[in-house]
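Observations on chain architecture
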Amino acid sequence: MTTSLTAWARDRIARLQATEGFRRAAGAFPLTRPVARRQARALFDLCAGFVYSQVLLAVVRLRLPERLMAGPRSTAALALELEMPEPATERLLVAAASLRLLALRGQDAGGRTLYGLGSLGAALIDNPGVTAMIEHHGLLYDDLRDPVGLLRGETAQTALANYWPYAKGAGEGAATPDGYSALMAVSQQFVAEEVLGSYPLRRHRHLLDVGGGSGAFIMAAGAQAPDLRLTLFDLPSVANIAREALAASPVAGRCNVVGGDFTADELPSGADVVSLVRVLHDHEDDVALVLLRAIRQALPQGGTLVVAEPMAGTRGAEPVGGAYFGFYFLAMGGGRARTPERIKQMLSDAGFSRTRLLRGRMPMVARVMVAQ
């Protein structure tokens, strides 16, 4: 009763806030004015979010953080280096500074404003996974031009569905687009650090990485555990990419690559630990359950499954699962971010009896759950 009463009260307050009279009064009253201003700013940021993202894209493409690593520069100096008109350069620098990608750093001897690295711009340095994803979002933004049409299923085909080989159950017939392997490799690096920091694999003898892409995670796992045998399983077209990448890696002598489709083929046996790194959320519940049951069948008694992906409802990162991945998977044609509770239930339905959600350093990037 308490929960429903609380929900009722919050709904009443929200509907009251929707009235013009309340907004006018809240903005005028000294005690509520700060709250009204924060709400207005938050709503404006939602409206302006695409503009902010394009400022970020321009900063990445022009490599402004790297150019400022040696120290602050003036607008004129950067305009010359970027081969851009000085007024346009100034416009970009002001925009980037307002978003903390850059920062004002005083003036030079001639009185010209200097710009240096901002706190968020510094995070882009030597971070190819993030910059690759920023470039990749051009596909997503193109797919979201008509969000209502996408929600109603009126969009015949999307760029993301064409990009990912496994989208919409494409299976082996899907093409592997240019840049796919590079994006998978660099974006998996920071996820691998999170996973292996939460659950070291040295205790195991043989890892099967299902949906392992170009092999970035399995290479990181092999580097952490020198005695670990390695097997990667993915669609044949993707497995070909992984086979080539792994043949030139330090783990080549103890790694096997198997191509197949888990909805039609048995998974390789013999591993005592299986990893699903950003795989489960790519699929709807029925397909995900098929995958989990196949893994349970491939594992020996007491074998371990490691599920690692961003999860819905993560405290402090609620928009990541609810908004970002919700619409990313909509454009991709399937999949969903799930809460830890939902994943635990699916694991139980697949035959796993014990599950643990592990603590991690950066849960927004990925949360790690292990099951036996």
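For the structure itself, consult the block above.
Everything in this summary refers to the structure shown in the same document. Just so it is clear, the structure is predicted and the values come from calculations on it, not from any experiment. (Residues numbered from 1 in each chain as written. Predicted model: local features only at pLDDT ≥ 70, side-chain atom pairs only at ≥ 80, totals over all residues. Heavy atoms only, no water.)

Details of the packing of helix H14 (residues 285–298) against helix H16 (residues 340–349)
Heads up, the rule is: Axis geometry follows a simple rule: fit a line to the C-alpha atoms, using only the stretch in contact for helices, then measure angles between N-to-C directions, giving values from 0 to 180 degrees. We count a stretch as a helix when DSSP gives it H or I for four or more residues in a row; a strand needs E for two or more, and each element gets its number in order from the N terminus. Our angle categories are set so that under 35 degrees counts as roughly parallel, over 145 as roughly antiparallel, 65 to 115 as roughly perpendicular, and the remainder as oblique. Take the far helix as the reference: if the near one is turned anticlockwise from it by less than a right angle, the crossing is left-handed, and if turned clockwise, right-handed. It only takes one pair of heavy atoms within 4.5 Å for two residues to be counted as in contact. Any residue outside Ala, Val, Leu, Ile, Met, Phe, Trp, Tyr, Cys, Pro, Asp, Glu, Lys and Arg is labelled polar, Gly included; the first ten of those are nonpolar and the last four are charged.
Two elements in contact, H14 and H16, have axes separated by 9 Å at closest approach and are oriented at 55°. In this view, H14 runs oblique relative to H16, as classed from their interaxial angle. For the crossing formed where H14 meets H16, the hand is right-handed. When H14 is examined against H16, the residues Asp285, Ala288, Leu289, Leu292 and Arg293 are found in contact with a partner set consisting of Arg342, Met346, Leu347 and Asp349. Classifying every residue of the contact of H14 with H16 by side-chain character gives five nonpolar, no polar and four charged.

Focus on unusual backbone geometry
Spelled out, the test is: Relative accessibility thresholds used throughout: buried, under 20% of the residue-type maximum; exposed, over 50%; partly exposed, between the two (1.4 Å probe, protein chains only).
Even without a glycine there, the phi angle at Glu83 is positive, about 60°. One can find Glu83 in the loop between helix H5 (75–82) and helix H6 (86–98). Using a relative accessible area of 75% as the deciding quantity, one classes Glu83 as exposed. In this structure, Asp126 is a non-glycine residue whose phi angle is positive, near 50°. With respect to the helices and strands, the residue Asp126 is situated in the loop between helix H7 (119–122) and helix H8 (128–143).

Description of the packing of aromatic side chains
Centre distance and the angle of the planes are the two values used to describe a pair of aromatic rings. Quick note on the threshold: A pair of aromatic rings is counted whenever rings of Phe, Tyr or Trp (Trp by its six-membered ring) have centres within 6.5 Å, and the orientation is called stacked for planes under 30 degrees apart, edge-to-face for over 60 and tilted otherwise. A ring is scored as having a charge over it whenever the NZ atom of a lysine or the CZ atom of an arginine sits within 6 Å of its centre and within 35 degrees of its normal.
Summed over all chains, the structure comprises five aromatic pairs. On the numbers, 6.1 Å between centres and 85° between planes, the contact of Tyr328 with Phe329 is edge-to-face. Of the residues examined, Tyr328 reaches a relative accessible area of 6% and is grouped as buried. An aromatic cluster is present here, built from Tyr324, Phe325, Tyr328 and Phe329 joined pairwise through their rings. One Lys or Arg, Arg203, reaches over the ring of Tyr199 and ends 4.3 Å from the middle of that ring. Positioned above the aromatic ring of Phe352 is the side chain of Arg296, whose terminal nitrogen or guanidinium carbon lies 5.4 Å from the ring centre.

Examining the packing of helix H3 (residues 33–61) against H8
Running from N to C, H3 and H8 point in directions that differ by 135°, and their axes come no closer than 10 Å. Relative to H8, the element H3 is oriented oblique. As H3 packs across H8, the resulting crossing turns out to be left-handed. On H8, the residues touching Phe50, Ser53, Gln54, Leu56, Leu57, Val60 and Arg61 of H3 are Thr131, Ile134, Glu135 and Tyr141. When grouped by side-chain class, the residues that make up the contact of H3 with H8 number six nonpolar, three polar and two charged.

Observations regarding empty space enclosed by the protein
Formally: Method remark: on a 1 Å grid restricted to protein atoms, a set of points is classed as a cavity if a 1.4 Å probe fits but cannot get out and as a pocket if it is open with protein on both sides within 12 Å along at least five of seven lines; lining residues have an atom within 4 Å of a point. Grid points are joined across faces, edges and corners, and a volume is the space filled by probe spheres set on the points.
Per the stated rule, a full pass over the model turns up one cavity of 30 Å³ or more. Computed from the structure, the largest cavity encloses a volume of approximately 40 Å³. Around the largest cavity, the lining residues are Pro310, Met311, Thr314, Ala317, Val320, Gly321, Pro363 and Met364. A per-class count over the lining of the largest cavity returns six nonpolar, two polar and no charged.

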